[in-house]
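Observations on the model geometry
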Amino acid sequence: MPTQVSAERLEAITSSILQPTAANGVQGRTGVFEEVIAGLTAMITRHRPDGAEVLRFPPVMSRALLEKSGYLKSFPHLLGCVSSMTGTESKIRALIEGKASGQEWVDALAATDLVLTPAACYQVYPIIAARGDVPQTGVIVDVESYCFRREASSELGRMQAFRMREYVCIGAPETALAFRESWKAKAEQMANQLGVPFTLAPASDPFFGRAGKLMAVNQVEQALKFELLIPVNSEEAPTACMSFNYHQDHFGTTWGLRTDDGAVAHTACSAFGLDRLTIALFATHGLDLEAWPGHVREALSL
Ligand code: ATP
Ligand code: ZN
């Protein structure tokens, strides 16, 4: 296993398993990259809890629902909103033909009712809430979505568009917390099977602004978020490839989610960054899939 991830190695990864594009942090995925993603996807599916409901989403969601979920208070700097042209035909024509003095076509854009989904699990809570009470023993959803975040840096693994797979649990407080704890343990087993060096550490979300710093400190103090980190860019600053989150009653209160004893439901999720995990595998085992250790190839059905 490499102890040092060299700059050349990173460059090789970026240019041979990902296809850079004109947009920073937006890459095409090559065939070998997708082979590994497919293997990871199958591996995660093998660990799917019994009775989990499967939901797959396109990369956009309702703006109103995301606003209600509280995302804007915490992460306005990461949100992307879908805009489209508005106005009369003649106004739009003048703008796109560059004939509206001092105005660009983008000046005709107005926000639509859609945003780019920032995390897969946001879609799930209002859907489950609309169905009525959940059992105290919990409802589990297996969800995946392409996600978008307007990331400031484009270091390897920090993409603007990436795939997130999650198992989400909605139930009594002890159910949600036990779910989160059990996934921390399962994820360590999975990382061992994948042959990657890792640490599991308390973490915080990148909350916005000065008030956000306090929220981040609280999150760590209350042990609400853990990340499984794998060295990609450096040993000193390993990359978060999975996260295990306990939201307490945040989504339960927001969406009126209740357990069948009338209490506010608690929620938890375990999230797998499929692209980051794949990059971490290539960073660890090299670019030649054939040369990866046998047990890793087996775990990924390669
Ligand atoms: P980070 O701390 O690196 O900003 P995060 O804690 O915000 O990540 P989560 O919100 O927990 O990440 O998202 C779940 C998973 O999605 C992460 O563990 C990671 O694997 C993946 N992920 C998050 N942001 C990105 C990104 N910009 N590019 C690729 N994958 C990402
Ligand atoms: Zn989540």
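Going by the structure above, here's the rest.
Conventions adopted
Residues numbered from 1 in each chain as written. Chains lettered and ligands numbered in written order. Predicted model: local features only at pLDDT ≥ 70, side-chain atom pairs only at ≥ 80, totals over all residues. Heavy atoms only, no water. Helix = DSSP H or I, 4+ residues; strand = E, 2+ residues; numbered from the N terminus. Rg over C-alpha atoms; globule rule 2.2 N^0.38 Å. Buried < 20%, exposed > 50% of the residue type's maximum accessible area, 1.4 Å probe, protein only. Contact = heavy atoms within 4.5 Å. Lys, Arg positive; Asp, Glu negative; His and termini not counted. Charge placed at Lys NZ, Arg CZ, Asp CG, Glu CD. Donors = N, O, S within 2.8 Å, 3.2 Å for Na, K, Ca; no water. Near = heavy atom within 4 Å. Polar contact = N/O pair within 3.5 Å; in protein donor to acceptor, adjacent residues only side chain to side chain. Areas by Shrake-Rupley, 256 points an atom, 1.4 Å probe, with all protein chains shown as cover. Pairing = 2+ DSSP bridges. Axes fitted to C-alpha atoms, helices over the stretch in contact; angles between N-to-C directions. Salt bridge = Lys/Arg side-chain N within 4 Å of Asp/Glu carboxyl O.

From N to C terminus, the chain includes 11 helices and 12 strands. Since a compact globule built from 302 residues should have a radius of gyration of about 19 Å, the 21 Å found for the chain is in line with a globular shape. Summarising its shape, the C-alpha atoms of the chain cover approximately 65 × 55 × 35 Å along the three principal directions. Expressed as a percentage of its 302 residues, the buried residues of the chain come to 47%. Across the chain, contacts joining residues at least 24 apart in sequence account for 71% of those joining residues at least 6 apart. Charge centroids of the chain, computed over 26 positive and 33 negative side chains, lie 4 Å from each other.

Further remarks concern the coordination of the zinc ion (ligand 2). Here the zinc ion (ligand 2) is held by Cys121 (SG), Glu166 (OE) and Cys269 (SG), and the distances to it run 2.1 to 2.4 Å. For the zinc ion (ligand 2), the donor residues sit on a single chain with the sequence spacing C-x44-E-x102-C. Here Glu166, found in strand 8 (residues 161-171), pairs with Cys269, found in strand 12 (residues 266-273); they are 103 residues apart in sequence, far enough to count as distant. The two residues Glu166 and Cys269 agree in class, both being buried.

Looking now at the site of ligand 1. Every one of the 18 residues lining ligand 1 counts as a neighbour, but Glu151, Met159, Lys225, Glu227 and Ser243 are closest to it. At a separation of 2.8 Å, a nitrogen atom of ligand 1 approaches a polar backbone atom of Met159. A distance of 2.7 Å separates an oxygen atom of ligand 1 from a polar atom in the side chain of Glu227. Protein contact buries 92% of the 590 Å² of open area that ligand 1 shows by itself.

To continue, consider unusual backbone geometry. Glycine aside, the phi torsion of most residues is negative, and most peptide linkages are trans. Of note, the phi angle at Gln248 is positive, near 50°, even though the residue is not glycine. Looking at the secondary structure, you find Gln248 in strand 11 (residues 239-248). With phi around 50°, Ser301 is a residue other than glycine that occupies positive phi space.

Each strand in a sheet pairs with another by means of backbone hydrogen bonds, the pair being arranged parallel or else antiparallel. Taken in spatial order, the seven strands line up as 3-7-8-12-11-10-9 in an open sheet, and their pairing is mixed. In this open sheet, the two edge strands, each paired with only one partner strand, are strand 3 (53-57) and strand 9 (199-202). For this sheet, the mean angle separating the axes of adjacent strands, direction not counted, is 20°. Pairing analysis gives 10 bridges linking strand 7 (residues 139-148) to strand 8, with the strands arranged antiparallel. Pairing of Phe148 across the sheet is with Ala161, part of strand 8. Sitting on the sheet, helix 7 (residues 173-193) touches strand 7, strand 8, strand 9, strand 10 (225-230), strand 11 and strand 12, and the angle it makes with strand 12 is about 15°.

Our next topic: the pattern of salt bridges. Tallying each qualifying case throughout the model produces 15 salt bridges. Notably, a salt bridge pairs Asp142 with Arg165, separated by 2.8 Å at the nearest N-O pair. A residue pair is termed long-range when its members are at least 10 positions apart, and Asp142 in strand 7 and Arg165 in strand 8 qualify at 23 residues. Of the two residues, Asp142 and Arg165, both sit in the buried class. For Lys225, the salt bridge identified is with Asp205, shortest N-O distance 2.9 Å. Placement of Lys225 in strand 10 and of Asp205 in the loop between strand 9 and helix 8 (209-221) is noted, with a sequence separation of 20 residues between them. Its relative accessible area of 7% is what places Lys225 among the buried residues. In this structure, a network of salt bridges that share partners links the residues Arg29, Glu34, Arg163 and Asp275.

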